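# Structural description and commentary
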Amino acid sequence: MKVLQISSEVNIGSVGRIAEQIGENILNEGWESYIAFGREHLPSKSSIFKIGNTFDFIYHVLLTRLTDRHGFGSENATKKLIDKINEINPDIIHLQHLHGYFVNIDLLFKFLTTTKAKIVWTFHDCWSFTGHCAYYELVNCDKWKTHCHECPQLNEYPKSIFTDNSKKNYTHKRALFTSIDQMTIVPVSNWLEGEVRKSFLKNYNIKTIHNGVDVDQFTYKENNIKQKFNIEGKFLILGVASPWDKRKGLKYFVELAEKISDDYKIILVGLNKKQIKNLPEKIIGLERTKNVNELAELYSAADVFVNPTLEDTFPTTNLEAQSCGTPVITFKTGGSPEAIDSSTGIVVEKSNTEELVNAIEEVKKNTKLFYSAHCRNRILRLFDKKNAFKHYIDLYKELL
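Described in the following lines is the structure provided in the data block. (Residues numbered from 1 in each chain as written. Predicted model: local features only at pLDDT ≥ 70, side-chain atom pairs only at ≥ 80, totals over all residues. Heavy atoms only, no water.)

### Describing the overall build of the protein chain
Applicable threshold: The helix and strand labels rest on DSSP assignments: H or I over at least four residues marks a helix, E over at least two residues marks a strand, and numbering proceeds from the N terminus. Each radius of gyration reported is based on C-alpha atoms, and the globular scaling rule is 2.2 Å times the count of residues to the power 0.38. Type-normalised accessible area, obtained with a 1.4 Å probe on protein chains alone, sets the label of each residue: buried when under 20%, exposed when over 50%, and partly exposed for intermediate values. Using a 1.4 Å probe, the Shrake-Rupley method yields the accessible areas, and only the shown protein chains count as cover for residues. Here the positive residues are Lys and Arg and the negative ones are Asp and Glu; neither His nor the chain ends is included. Positions of charges follow a simple convention, taking NZ of Lys, CZ of Arg, CG of Asp or CD of Glu.
Helix and strand content of the protein chain: 15 helices and 13 strands. At 21 Å, the protein chain has a C-alpha radius of gyration in line with the 21 Å of a compact globule built from 400 residues. For the protein chain, the spread of C-alpha atoms along the three principal axes comes to 60 × 50 × 35 Å. Taking all 400 residues of the protein chain together, 59% fall into the buried category. Total accessible area on the protein chain is roughly 16,800 Å²; 47% of this is exposed by carbon and sulfur atoms. Averaging the locations of the 52 positively and 49 negatively charged side chains of the protein chain gives two centres separated by 3 Å.

Spelled out as structure tokens, the structure:
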């Protein structure tokens, strides 16, 4: 059995780690695992190869910025990808992210209609059924249910400067993505499944598989984080994202810093240099880390992980924090609340900073110790990568 995944990244970032861990499960079956990727990668157990080069990427970015035709660049890169797929001749082609300036969806899907391989497509966001955006909760837009037009989020990823082609994109994507006779769509949360069932893809086989995490990598680790930043005795609030754009809720940490006492300290991971420079005194800003051990140490040092996301499907950061024994507070956004229960964290109404403060105070009063064992046990039971991603193996076997 040969399984080929197409992913934006490999073994880095949430989607890249998911692709890697699915690959590990494939290899554990004694099958062959291949991952084609468009952006960054770390060492992988699968056979990996890059789609396109720097020129392809830059051209695709320019095409997106100037014409709002994201997903329609990278022609030469995609032709080479198709040649490689034909060479491998996989039994399963598993699509992860297809956006990110690295693949031409027109060429790819015309090819997919001709292949004998079974097609699985994991949805990590909503880009596959909109005319432009990857998320729409922030602006409360539901044009995607009928036909996108006059997009209110042209300045959001994938950003277009001059042109609104959301109507054309929607028409084109709908025609391409519904052209395959049989395809299984895998949303990563129950919330996202509900959205897909309202979209033009609703007639496909849809099966939710929640993400998992590496519980050996993300486990409690002894660390000197508080000593390193000279914050011994402080109640440490952690936030992790990359990038920290508007939808990730950076502004709520800034508001939080104004409301909490000196007994608290905030560390945010994944910021850029400009964002770090503008942080208030109570927030320590760090750039993105590619070191999983360092990330696990930060989760372990934190007394609470706060995720004030305004748009999300099923953030793996919530899982990673709990796997390290740290309770999670998240806004009631998309599929984010599905990662926790009352014994492992608190769900707060979106954009409510007062409730956020109250939730943090409640965790502080209960102490981290009250939650830690529950957090770890919940992840081991429901979101261990060895079990969570085994569902993909079961799906592959079912399809074949």
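### Comments concerning the packing of helix H12 (residues 353-366) against helix H13 (residues 368-382)
Heads up, the rule is: Note on geometry: axes are C-alpha line fits, over the in-contact stretch for helices, and angles between N-to-C directions span 0 to 180 degrees. Orientation categories follow fixed angle ranges, with anything under 35 degrees roughly parallel, anything over 145 roughly antiparallel, 65 to 115 roughly perpendicular, and all other angles oblique. Two residues form a contact once any of their heavy atoms are found within 4.5 Å. All amino acids are sorted into three groups, where Ala, Val, Leu, Ile, Met, Phe, Trp, Tyr, Cys and Pro are nonpolar, Asp, Glu, Lys and Arg are charged, and the leftover types, Gly among them, are polar.
Put simply, H12 and H13 touch, their axes get as near as 6 Å, and they point 90° apart. It follows from the interaxial angle that H12 and H13 lie roughly perpendicular. Along the contact surface, H12 presents Glu362, Val363 and Asn366, while H13 presents Lys368, Phe370 and Tyr371. Here the contact of H12 with H13 is composed, by residue class, of three nonpolar, one polar and two charged.

### Structural notes on the pattern of salt bridges
Where we set the bar: Note on definitions: salt bridges are taken to be side-chain nitrogens of Lys or Arg within 4 Å of carboxyl oxygens of Asp or Glu.
Within the structure shown, the criterion is met by 26 salt bridges. Ionic pairing is found between Glu40 and Arg288, a salt bridge with its closest N-O pair at 3.1 Å. One end of the pair, Glu40, is in the loop between strand E2 (32-37) and strand E3 (47-50); the other, Arg288, is in the loop between strand E10 (283-286) and helix H10 (292-301), with 248 residues separating them in the sequence. Judged by its relative accessible area of 34%, Arg288 falls in the partly exposed class. Of the charged contacts, one joins Asp106 and Lys110 as a salt bridge, the two residues approaching to 3.2 Å between their closest N and O atoms. Here the residue Asp106 and the residue Lys110 both occupy positions in helix H4 (residues 105-112), the gap between them amounting to four residues, near one helical turn. For Lys110, a relative accessible area of 51% gives the class exposed.

### Digging into the sheet that holds E3
To be explicit about the condition: Pairing between two strands is assigned when DSSP locates at least 2 bridges connecting them.
The seven strands are arranged E3-E2-E1-E4-E5-E6-E7 in an open sheet whose pairing can be described as parallel. The open sheet has two edge strands, E3 and strand E7 (205-206), and neither has a second partner. Bridge count for strand E6 (residues 184-187) against E7 is two bridges, and the pairing is parallel. Bridge pairing links Ile185 to Ile206 in E7. Across the face of the sheet, H4 comes into contact with strand E1 (2-7), strand E4 (92-95) and strand E5 (118-123) while running at roughly 150° to E4.

### A few points about helix H2 (residues 54-67)
For clarity, the threshold we go by: Each helix should span, by expectation, one fewer than its residue count multiplied by 1.5 Å. By definition, the arc is the one covered by directions from the helix axis to the C-beta atoms.
Counted at 1.5 Å a residue, the expected span for H2 with its 14 residues is 20 Å, and the 20 Å between its end C-alpha atoms agrees. By the burial criterion, the buried members of H2 are Asp56, His60, Val61, Leu63 and Thr64. For H2, the buried positions fall inside an angular range of 160° around the axis, keeping them on one side. Those residues of H2 that are exposed and aimed more than 90 degrees away from the buried face are Thr54 and Phe55.

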